[in-house]
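Chain residues, written in single-letter form:
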Amino acid sequence: MQHDVMVEKFGVRLRPIRLLDAPFIVQLRNSQHALGKIGDSTADVAAQEEWIQRYFKRAGDYYFIIEKARTDEPLGTVGIYDIAGTQGECGRWIVLPASPAAPASSWLAWHVCFDVLKLEVVLARVVETNLSVVSFQKKIGNPCVGRVEGEQQIGGKPVAMVHFCAKPAQWPAISEKLSHYACLAEKYL
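Being a predicted model, the structure only gives us computed values, none of them experimental.

A. Representation of the nonpolar core. Counting 39 residues, the largest nonpolar core has L14, F64, I66, V78, I80 and W110 as its most contacted members. Ranked by residue count, the leading element in this core is helix α3 (residues 102-116), at 8 residues. In this structure I80 touches G60, D61, Y62, F64, E89, C90, A109, V112, C113, L117 and L119, once residues within four positions along its chain are discounted. I25, L28, Y63 and I94 belong to the second-largest nonpolar core, a separate cluster that totals 12 residues.

B. Fine view of the pairing of strand β3 (residues 62-68). The element β3 is largely enclosed, with a buried count of 7 among its 7 residues. With burial as the criterion, each face of β3 is covered, one bearing Y62, F64, I66 and K68 and the other bearing Y63, I65 and E67. Two strands pair when backbone bridges link them, and strand β2 (residues 12-16) and β3 are joined in this way by 5 bridges, in the antiparallel orientation. Considered in β3, the bridge of R15 is made with I65. Sheet topology note: the β3/strand β4 (residues 74-84) ladder contains 6 bridges and is antiparallel. In the sheet register, E67 faces β4, and the bridge partner there is P74. Linking two consecutive strands that pair antiparallel, namely β3 and β4, is a turn of 5 residues; a positive phi of about 65 degrees is found at D72 within it.

C. Representation of the sheet that holds strand β7 (residues 144-154) within the structure. The sheet built from 8 strands is open, its strands ordered β1-β2-β3-β4-β5-β6-β8-β7 with mixed pairing. On the outer flanks of this sheet lie β1 (7-9) and β7, each paired with one strand and no other. Looking at each pair of strands side by side, their axes are set apart by 25 degrees on average, direction ignored. The sheet contact formed by β1 and β2 spans 3 bridges and is antiparallel. In the sheet register, V7 faces β2, and the bridge partner there is L14. Seen against the sheet, helix α1 (residues 22-29) touches β3, β4 and β5 (87-95) and runs at an angle of roughly 90 degrees to β4.

D. Local environment of the packing of α1 against helix α2 (residues 45-56). Between α1 and α2, the least distance of the axes is 9 Å, while the angle of their chain directions is 110 degrees. If you check the angle between α1 and α2, you find them roughly perpendicular. Like other packed secondary-structure pairs, α1 and α2 cross with a definite hand, here right-handed. On α2, the residues that touch A22, P23, I25 and V26 of α1 are V45, Q48, E49 and I52. Residues that form the contact of α1 with α2 fall into these classes: 6 nonpolar, 1 polar and 1 charged.

E. Examining the pairing of β4 more closely. The pairing of β4 with β5 spans 6 bridges and is antiparallel. Bridging from a neighbouring strand, G76 pairs with V95 of β5. Where β4 hands over to β5, the hairpin turn is made up of 2 residues, of which G85 adopts a positive phi near 65 degrees.

F. Quick peek at the side chain of T77. As for its placement among the helices and strands, T77 is situated in strand β4. Discounting chain neighbours no more than four positions away, the residues touching T77 are I25, L28, Y63, F64, I65, I66, R92, W93 and I94.

Conventions and cut-offs
Residues numbered from 1 in each chain as written. Predicted model: local features only at pLDDT ≥ 70, side-chain atom pairs only at ≥ 80, totals over all residues. Heavy atoms only, no water. Core = buried A, V, L, I, M, F, W, Y, C linked by side-chain atoms within 4.5 Å. Buried < 20%, exposed > 50% of the residue type's maximum accessible area, 1.4 Å probe, protein only. Helix = DSSP H or I, 4+ residues; strand = E, 2+ residues; numbered from the N terminus. Contact = heavy atoms within 4.5 Å. Pairing = 2+ DSSP bridges. Axes fitted to C-alpha atoms, helices over the stretch in contact; angles between N-to-C directions. Parallel < 35°, antiparallel > 145°, perpendicular 65-115°, else oblique. Left-handed = near helix turned anticlockwise from the far one by under 90°. Nonpolar A, V, L, I, M, F, W, Y, C, P; charged D, E, K, R; others polar.

Take a look at the structure:
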């Protein structure tokens, strides 16, 4: 299975996850700023390693570590998955709260979706109470296409998801907004 896409711009790099990333992923997904705003995660490194091993065998799934390009310091994760034909979903996006890497990592993920993988439809589903990410998606011009009550469970409780859907026609405007924010943030990386 090919998971070898790597991209870099604005002082940030997306590199494919490795088995050695399991402790960082567990820590990140179970951190205070992520809990309740993303799907349930394992708190066990061994279970995360097993998930990564299964991921390596899956088609249509790209999972990246967001890292500072100059130092290789991990800053977060993002994924493009459930790819079927020319449609896929962008998610698993978590950035350390003190890091200014959100705009650059988002630009890179969109770049992979539209310019590298040539997707025609890119979906994003965000937990409704994850207000900062819902606001971010709207701010960059990702079209909101609906809300589904109880679509996912977090901590055993149903949560509503806000759905976004972008196509290649929206990518230039989204790219321009994200590039602006990423350029501003780059000096703080």
